[in-house]
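For reference, the chains in residue letters:
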Amino acid sequence: VQIAKQAVQNRILSQIEPDGSMPEELARTRPLFYSNYNLHALFLVARLAEQVDVDVWNAGGSRLRAALNFLAPSADPNEPWPHPTINENDRMNMFPILLMAARAYPDGNYRQMVETLPMSERKIRRENLVIPLMR
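Because the structure is a prediction, the values reported are computed rather than measured. Starting afresh in each chain, residues are numbered from 1 along the sequence in its written order. Since the coordinates come from a predicted model, pLDDT governs what is reported: local features require at least 70, and pairs of side-chain atoms require 80 or more to be given and counted, while whole-chain, interface and lining totals use all residues. Each side-chain value is worked out from all heavy atoms of the structure, with water and hydrogens disregarded.

Chemist: Please explain the overall build of the protein as it appears in this structure.
Modeler: Elements are defined by DSSP. Helices are runs of H or I of four residues or more, strands are runs of E of two residues or more, and each kind is numbered from the N terminus. Helices and strands together make up the secondary structure of the protein, namely eight helices and zero strands. Listing each helix as α and each strand as β along the protein from the N terminus yields α-α-α-α-α-α-α-α. A globule of 135 residues ought to have a C-alpha radius of gyration of about 14 Å, and the protein, at 14 Å, matches this closely. With the C-alpha coordinates aligned to their principal axes, the bounding extent of the protein is approximately 40 × 35 × 25 Å. Buried means the residue's accessible area, taken with a 1.4 Å probe over protein chains only, is under 20% of the maximum for its type, while exposed means over 50%, and partly exposed covers the values in between. Scored against the burial criterion, the 135 residues of the protein give a buried share of 43%. Whether two residues are in contact is decided by their heavy atoms: any pair within 4.5 Å suffices. Considering only contacts in the protein between residues 6 or more positions apart, those separated by 24 or more positions represent 68%. For every accessible area listed, the method is Shrake-Rupley and the probe measures 1.4 Å; residues are considered covered only by the protein chains on display. With the model as given, the accessible surface of the protein reaches about 7700 Å², and the carbon-plus-sulfur share is 54%. Placing the 15 positive and 15 negative side-chain charges of the protein at their respective mean positions leaves the two points 6 Å apart. Note that the radius of gyration is over C-alpha atoms, with the globule rule given as 2.2 Å times the number of residues to the power 0.38. His is not counted, nor are the chain ends; Lys and Arg add positive charge and Asp and Glu add negative charge. A charged residue contributes its charge at one atom only: NZ of Lys, CZ of Arg, CG of Asp or CD of Glu.

Structure (structure tokens):
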């Protein structure tokens, strides 16, 4: 319980700005990749914290959701990533994040965002093996 509660202060509040940006990740050469990677890890922490009745999803002024909303447009291949990067990012990296978001924030349109990702790529992702077990 203590570790789950500390994750909010030590990880989420220190890494995610109120607008959802993650400055340390945006400063990297592949900011979208690293922002997705970081948010995915924090979502896993939030999911694990549920097992000890700690709500990390909505703690810290909903910074996780702010980060989600900051990155969610990047799942759309028609939306350009507004930050400098050395190469294209696999926008399918948003797939597991959006799946978890649809469960954690049912009032959002995250399930619909998942549906906009290419079915041919969605059906072969390894997250399909794990995410259903996390519901």
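Chemist: Where do I start with the packing of aromatic side chains in this structure?
Modeler: By convention here, two paired aromatic rings are described through the distance between centres and the angle between planes. What counts as a ring pair is set by centres within 6.5 Å for rings of Phe, Tyr and Trp (its six-membered ring), and what kind of pair is set by the plane angle: stacked under 30 degrees, edge-to-face over 60, tilted for all other angles. Counted by the stated rule, this structure contains six aromatic pairs. Between the aromatic rings of Phe33 and Tyr34, the centroid separation amounts to 5.0 Å while the plane-to-plane angle is 85 degrees, which identifies the pairing as edge-to-face. Look at Phe33 and you get partly exposed, because its relative accessible area is 24%. For the pair Phe43 and Trp57, a centre-to-centre distance of 4.8 Å together with 80 degrees between the ring planes defines the contact as edge-to-face. Taken together, the positions of Phe43 in helix α3 (residues 31–50) and Trp57 in the loop between α3 and α4 (59–71) put the pair 14 residues apart, joining distant regions of the chain.

Chemist: Sorry if this is basic, but what is going on with helix α5 (residues 94–104) here?
Modeler: In an α-helix, one turn spans 3.6 residues, which is why side chains three or four residues apart end up on the same side. Taking burial as the measure, the 11 residues of α5 include 10 buried ones, the bulk of the element. All of the buried residues along α5 are Met94, Phe95, Pro96, Ile97, Leu98, Leu99, Met100, Ala101, Ala102 and Ala104.

Chemist: How do you make sense of the environment of Tyr105 when you look at a structure like this?
Modeler: Note that Tyr105 resides in the loop between α5 and α6 (110–116). Expressed as a C-alpha distance, the spacing of Tyr105 and Pro31, which sit 74 residues apart in the sequence, is 25 Å. Beyond its immediate sequence surroundings of up to four residues, Tyr105 is in contact with Trp57, Asn58, Leu64, Arg65, Leu68 and Tyr110.

Chemist: Any chance you could explain the nonpolar core here in plain terms?
Modeler: It is characteristic of soluble globular proteins that their nonpolar side chains tend to be buried jointly. Here, nonpolar core means buried Ala, Val, Leu, Ile, Met, Phe, Trp, Tyr and Cys residues that are tied together by side-chain atoms lying within 4.5 Å of each other. With 36 residues, the main nonpolar core has Leu39, Phe43, Leu64, Leu68 and Leu98 as its most contacted residues. Of all the secondary-structure elements, those providing two or more residues to this core are α1 (2–15), α3, α4, α5 and α6. The residues contacting Phe43, other than those within four sequence positions of it, are Trp57, Leu64, Leu68, Ile97, Met100 and Ala101.

Fair warning: the whole summary comes from geometry, so function is off the table for now.
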